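What the coordinates show
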2 protein chains.
Amino acid sequence: MFDTHISLAHGNGGRLMKALITDIFARHLGNPLLDTRLDAAPVPAPTGGEMVITTDGFTVQPLEFPGGDIGSLAVHGTINDLAVAGADPWYLTVSAIIEEGLEWAVLDRLVASMAGASRAAGMVVVAGDTKVVPRGNGGGIYFTTTGVGLRPSGVMLGMERIRPGDALLVSGPVGDHGTAVLLARESFGLRGDVQSDSASVLPLTRSVRQLSGLRFMRDPTRGGLATVAHELAHMTGLTVRLREHDLPVRYSVRAVCEILGYDPLYLACEGRVVAVVAADQADEVLRHWVDSGAEQSTLIGTLETGPARSLLETILGGERLLEELEEDPLPRIC
Amino acid sequence: MFDTHISLAHGNGGRLMKALITDIFARHLGNPLLDTRLDAAPVPAPTGGEMVITTDGFTVQPLEFPGGDIGSLAVHGTINDLAVAGADPWYLTVSAIIEEGLEWAVLDRLVASMAGASRAAGMVVVAGDTKVVPRGNGGGIYFTTTGVGLRPSGVMLGMERIRPGDALLVSGPVGDHGTAVLLARESFGLRGDVQSDSASVLPLTRSVRQLSGLRFMRDPTRGGLATVAHELAHMTGLTVRLREHDLPVRYSVRAVCEILGYDPLYLACEGRVVAVVAADQADEVLRHWVDSGAEQSTLIGTLETGPARSLLETILGGERLLEELEEDPLPRIC
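What comes next is a walk through the structure.

Calculation notes
- Each chain has its residues counted from 1, following the order in which its sequence is written.
- As they are written, the chains are lettered A onward and the ligands numbered 1 onward, keeping that order.
- Since the coordinates come from a predicted model, pLDDT governs what is reported: local features require at least 70, and pairs of side-chain atoms require 80 or more to be given and counted, while whole-chain, interface and lining totals use all residues.
- Side-chain measures here rest on the full set of heavy atoms in the structure, leaving out hydrogens and waters.
- By definition in these notes, contact holds between two residues if any of their heavy atoms fall within 4.5 Å.
- The term buried area denotes the loss of accessible surface (1.4 Å probe radius) that occurs when two parts are joined, taken as the sum for both partners.
- Counted as salt bridges are all cases of a side-chain nitrogen of Lys or Arg within 4 Å of a carboxyl oxygen of Asp or Glu.
- Whenever a nitrogen or oxygen atom comes within 3.5 Å of another N or O atom, the pair is scored as a polar contact, on the condition that within protein one atom can donate a hydrogen and the other can accept it, and that pairs from neighbouring residues in sequence are kept only if both atoms are in side chains.
- Axis lines are fitted through C-alpha atoms, for helices just across the contact stretch, and the angle between N-to-C directions can take any value from 0 to 180 degrees.
- Note on conventions: DSSP H or I runs of at least 4 residues are helices, E runs of at least 2 residues are strands, and numbering of each starts at the N terminus.
- By definition in this entry, angles of less than 35 degrees are roughly parallel, angles greater than 145 are roughly antiparallel, angles of 65 to 115 are roughly perpendicular, and the rest are oblique.
- Should the near helix be turned counterclockwise from the far one by less than a right angle, the crossing is left-handed, whereas a clockwise turn marks it as right-handed.
- In the scheme used here, Gly and all other residues not listed as nonpolar or charged are polar, with Ala, Val, Leu, Ile, Met, Phe, Trp, Tyr, Cys and Pro taken as nonpolar and Asp, Glu, Lys and Arg as charged.
- Type-normalised accessible area, obtained with a 1.4 Å probe on protein chains alone, sets the label of each residue: buried when under 20%, exposed when over 50%, and partly exposed for intermediate values.
- The pairing criterion is simple: DSSP has to find at least two bridges between the two strands.

1. Some remarks on the interface of chain A and chain B
Between chain A and chain B, the residue contacts involve 72 residues of the former and 72 residues of the latter. When the buried surface of chain A facing chain B is broken down by residue, A:Asp39, A:Ile53 and A:Arg222 rank first, second and third, together holding 13% of it. Of the charged contacts, one joins A:Asp56 and B:Lys131 as a salt bridge, the two residues approaching to 3.8 Å between their closest N and O atoms. The tally of links from chain A across to chain B stands at 35 residue pairs in polar contact (both at pLDDT 80 or more).

2. Description of the packing of helix α2 (residues 70–84) of chain B against helix α3 (residues 104–120) of chain B
All names here are of chain B. Two elements in contact, α2 and α3, have axes whose closest approach is 6 Å; the angle formed by their N-to-C orientations is 30°. Classified by the angle between their axes, α2 and α3 sit roughly parallel to one another. In this structure, α2 meets α3 at a crossing whose hand is right-handed. For the pair formed by α2 and α3, the contact residues are Ile 70, Gly 71, Ser 72, Ala 74, Val 75, His 76 and Ile 79 on the first element and Leu 110, Ser 113, Met 114, Ala 117 and Ser 118 on the second. When grouped by side-chain class, the residues that make up the contact of α2 with α3 number seven nonpolar, five polar and no charged.

3. Describing the environment of A:Lys131
Relative to the helices and strands, A:Lys131 resides in strand β6 (residues 124–133). Residue classification places A:Lys131 among the buried positions, given a relative accessible area of 4%. The spatial distance from the C-alpha of A:Lys131 to the C-alpha of A:Val170 is 38 Å, given a sequence separation of 39 residues. When neighbours within four sequence positions are excluded, A:Lys131 is seen to be in contact with A:Ala96, A:Ile97, A:Ile98, B:Asp56, B:Gly57, B:Thr59, B:Arg222 and B:Cys334. Side-chain polar atoms of A:Lys131 contact the backbone oxygen of B:Gly57, separated by 2.8 Å.

4. Regarding the sheet that holds β6(A)
Here we have five strands laid out as an open sheet, ordered β6(A)-β5(A)-β7(A)-β2(A)-β1(B), and mixed in their pairing. Sheet topology places β6 of chain A together with β1 (41–43) of chain B at the edges, where each strand pairs with a single neighbour. Neighbour-to-neighbour, the strand axes of the sheet open up by a mean angle of 20°, direction not taken into account. Along the sheet, helix α1 (residues 15–29) of chain A makes contact with β5 (88–99), β6 and β7 (141–152) of chain A, crossing β6(A) at roughly 145°. Where helix α2 (residues 70–84) of chain A meets the sheet, it contacts β2 (49–58), β5 and β7 of chain A, and its direction lies at approximately 145° from that of β2(A).

And the structure:
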């Protein structure tokens, strides 16, 4: 029998589970370090720097959207958490919780996409797990990816290195991912040409992580740029001052947000870096980023002596306090 | 406002998500290596042996059952995958996908249980992630745990080391976890006093992993002992011969399985070890296990020159082929 949909028996540890693992997961993600018969995978420990670990769950709805899907998103998300910590990605583990009834062809596409994204970043999948939950107990599929990486010796990053006068940069337009996912949900009844920015930021972080003036990097995912700004202010005790005029937001993103009442500054990006850098090295960072393909990299603000708050200088010359995110603007965005 | 249930806003990256992480996850799982503000956690790389990695998703229903809950189960499961690989657990990451409406008090108990289980095994939580999915899109909570461990130099285990004549051992009664979870589901309308065997098997594996005659260990979770036997036969090309007379199965487990038509050999254990060992060291392994508290450790069979199949010598003197698991006997058992 050829299976077209995932059944509960694909999760039972028996014949069909082996078929699922062999025909989809091992076929796409196979590499010399992946042995699906092992309980735990032996791997060389990263050396020549500091080992770093990160984990993330992914529940985005719909599973496929313009510019990406939950498979590549789950890989990019974990790569990016390692990348903004100044690290190179080494090992990836993948746990899939699959809802009974998911189409075999969809799962195949998602895992193929996952494989492409990890291969592109030089990251190998070393361990995995699959579970199947009964229909009505999951949103098609949830992935959890865990990444192990290596931060090379000499890379020094951390919020505690931030000083008054530092510059705040972003590597491209904000709100693309959130808007693309929003438009992909039929319930909104809108059509648009916005693509998710889901991508590895590793080329960007690698190009600047050794600069002495680089203080801190983060990828503005859930909660968006405004949430990163709020956290920077809260943790450093400084005032984060953003200039609306300089903030890169696509016209189509701005238009959709205006119609639906969203603020793009609070919507998720999945392929951008926010960096804090000594003012005299801001241009150098921007140059490296542009050279790496992030052509809309921009200086968007500064950090100043307190109070701890995040301010937006509006185009009209006023000031608006960027409050901490309260209600969820858009659930299941990543 | 004091929250009694998880809402979507607890997953948005803003104020309530920070409260969730601080008030529950960081409060219970806190340790010097856990910094919830970081994208990726720097940790010392394991040295003095081989680094190993494992990951597992947990979707058990109900979330709490006699003898355990999904929190401690998720920790024990990952510890045990490292343990049967001959390793010591070092680092744990935790990803929680929470369904809107989960009681705050339940989540608090589950994470406290998780903390107790990891602390008992000397494993520290170094990174985590929380997501919230809308009501109807998850079974209360799903956990994915990833473990990094160290297999000390000199520990040599693997199916390729198995030889004809080797002995097969199990560290205690089988089918307890599966039966306990089954009874905890109201839908079955049965009551019983069976407790899950959910526990760390680390004391057992540590006590024997340096023995020269120890070939291979595995924890018989999904698919149970029969699935491990089937896999051993399939991978080694040998006949696995089990003696029903010697198989430890509790009276209450056997009784429930007879009423409901389950075979305890196919039901999950979550605190047992199956080991293949050179025949002349079987007694030594059993002695170490009994000394470590596994009083019902038993020699249950042998591996013989092919054909590749798994046979049960019944109490009545017949032989029964243990087929590969086909349909799922009991979904969402782990």
